[in-house]
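Descriptive structure summary
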Amino acid sequence: MMSWRLKIRHVTGYKYAGNVSASYNEARLTPMTLPWQTTLFSQVEVTPGATTYRYYDYWATQVTAFDLHRPHQQLRVVSSSLVEVTPPPLPVVNLSWSELAADVVLDAHAELLTESPLTAVDTALVEEAWDAVAGRSPQRSAEALSHWVRDNVAYVPGSTGVQTSAREAWKLRKGVCQDIAHLTVGLLRARGIPARYVSGYLHPKVEAEVGETVAGQSHAWIEWWAGEWTGFDPTNGVPVGPRHVVVARGRDYDDVPPLRGVYHGAPSKHLGVTVEITRLA
């Protein structure tokens, strides 16, 4: 498969009911540079204008931080990026179940084997899901489990919110990409497979035309470790490829929100999110 060069424009922010005197914010909107993904250009612009600084958080995500100390009634953040993506290499090392259960693995990946409020799942569900994919290696089991979640949880835009947990999504049997990712991550961890939540962008067209700008998506998928990290998109039932752009990784959504902050002033209303993606090559 050939590489894709993608131009991405992501607009988000808040509108306030009155003046806000001060706000402190963090934006996770800069795509990572990885062995299969190169960020050629990226900038984050803030309105009203503010001095920004960047740092890498604990999970190696680049964070753009800024604060405003003058009255404002709206905050608008625009991220522009140019990224080249190739298909990630297939894993060469595939551990057995006994190797995966070794102390050295458990110690190295303890944080990605521990449930969180958003990824916790009930014992009965763990048993049901793993019974359905039994008899496979960890690598094959993880992929089969991802398909099982997709088959049992309907993708319904607007059906849940950012703080919906895996338990709640399973009860509803519907959700959005972050719910399907949370549920899959929780089930993988429950069986001893380290797993992490990935946030980024997805170009919606498999056969995208060069030069065409389309409405893209902020998207979530997963990565599991069975000797090497493997990316998979359980919402669409496909391995991660050149249409996927990695921005942030963590234990769950709470580690990767695109925009987070605190402020002093009138109540706020989210401006919504628009993402435009253009395939350039």
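Residues numbered from 1 in each chain as written. Predicted model: local features only at pLDDT ≥ 70, side-chain atom pairs only at ≥ 80, totals over all residues. Heavy atoms only, no water.

The chain is annotated in an unreviewed UniProt entry as Transglutaminase family protein of Dactylosporangium aurantiacum.

**Observations regarding the UniProt feature "domain: Transglutaminase-like" (unreviewed entry) in the chain**
Rule in force here: UniProt positions are given in the numbering used here, feature names are shortened, and annotations may be inferred rather than shown by experiment. In DSSP terms, a helix is any run of H or I states spanning at least four residues, a strand is any run of E spanning at least two, and both are numbered starting from the N terminus.
According to UniProt, the "domain: Transglutaminase-like" (unreviewed entry) feature falls on residues 169-236. Helix and strand shares over residues 169-236 are 26% and 40% respectively, and the end C-alpha atoms of the span are 17 Å apart.

**Let's talk about the nonpolar core**
This is how it is decided: For this analysis, a nonpolar core means a set of buried residues of the types Ala, Val, Leu, Ile, Met, Phe, Trp, Tyr and Cys, connected via side-chain atoms within 4.5 Å. Summary of the burial criterion: residues with accessible area below 20% of their type's maximum are buried, those above 50% are exposed, and those between are partly exposed, where the area comes from a 1.4 Å probe applied to protein chains only. Here, residues are in contact when the closest pair of their heavy atoms is within 4.5 Å.
Judged by nonpolar contacts, the single largest core of 66 residues is most densely connected at Leu183, Leu187 and Leu188. With 7 residues, helix H6 (residues 177-190) is the largest single contributor of residues to this core. Those residues in contact with Leu187 that lie beyond four places of it in its chain are Val121, Leu125, Val126, Ala129, Trp130, Leu145, Trp148 and Val149.

**Quick notes on the sheet that holds strand S12 (residues 238-239)**
Selection criterion: Pairing between strands is defined by DSSP: at least two bridges between them are needed. Between N-to-C directions, angles span 0 to 180 degrees; the directions come from axes that are lines fitted to C-alpha atoms, helices contributing only their stretch in contact.
An order of S12-S11-S10-S8-S13 is seen for the 5 strands of this open sheet, with the pairing classed as antiparallel. Of all strands in the sheet, those with a lone pairing partner are S12 and strand S13 (244-250), marking the two edges. By the bridge criterion, 2 bridges tie strand S11 (residues 229-233) to S12 in an arrangement that is antiparallel. The partner of Asp233 across the bridge, within S12, is Val238. The strands touched by helix H4 (residues 138-152) are strand S10 (217-225) and S11; relative to S10, the strand with the most contacts, the crossing angle is about 150 degrees.

**Re the pairing of strand S3 (residues 52-56)**
When S3 meets strand S4 (residues 62-68), the two strands line up antiparallel, connected through 5 bridges. Bridged to Thr52 within S4 is Phe66. Count of turn residues in the S3/S4 antiparallel hairpin: 5 residues, of which Ala60 carries a positive phi of about 75 degrees.

**Describing H4**
Rule in force here: Each helix should span, by expectation, one fewer than its residue count multiplied by 1.5 Å.
With 15 residues, H4 should cover 21 Å at 1.5 Å per step; its first-to-last C-alpha distance of 21 Å lies within 8% of that length. When H4 is considered as a whole, its buried residues turn out to be Pro138, Gln139, Ser141, Ala142, Ala144, Leu145, Ser146, Trp148 and Val149. Lining the buried residues of H4 we find helix H1 (97-100), helix H3 (123-132), helix H5 (166-172), H6, S10 and S11.

**Describing the packing of H3 against H6**
We apply this condition: Any angle that is under 35 degrees is reported as roughly parallel, and any over 145 degrees as roughly antiparallel; angles of 65 to 115 degrees are reported as roughly perpendicular and all others as oblique. Under the scheme applied here, ten amino acids are nonpolar (Ala, Val, Leu, Ile, Met, Phe, Trp, Tyr, Cys and Pro), four are charged (Asp, Glu, Lys and Arg), and all others, including Gly, are polar.
Where H3 meets H6, the axes come as close as 10 Å, and the angle between the chain directions of the two elements is 85 degrees. Classed by the angle they form, the pair H3 and H6 counts as roughly perpendicular. Here Leu125, Val126, Ala129 and Trp130 of H3 come into contact with H6, specifically with Leu183, Leu187, Leu188 and Ala190. Across the contact of H3 with H6, the residue classes tally to 8 nonpolar, no polar and no charged.

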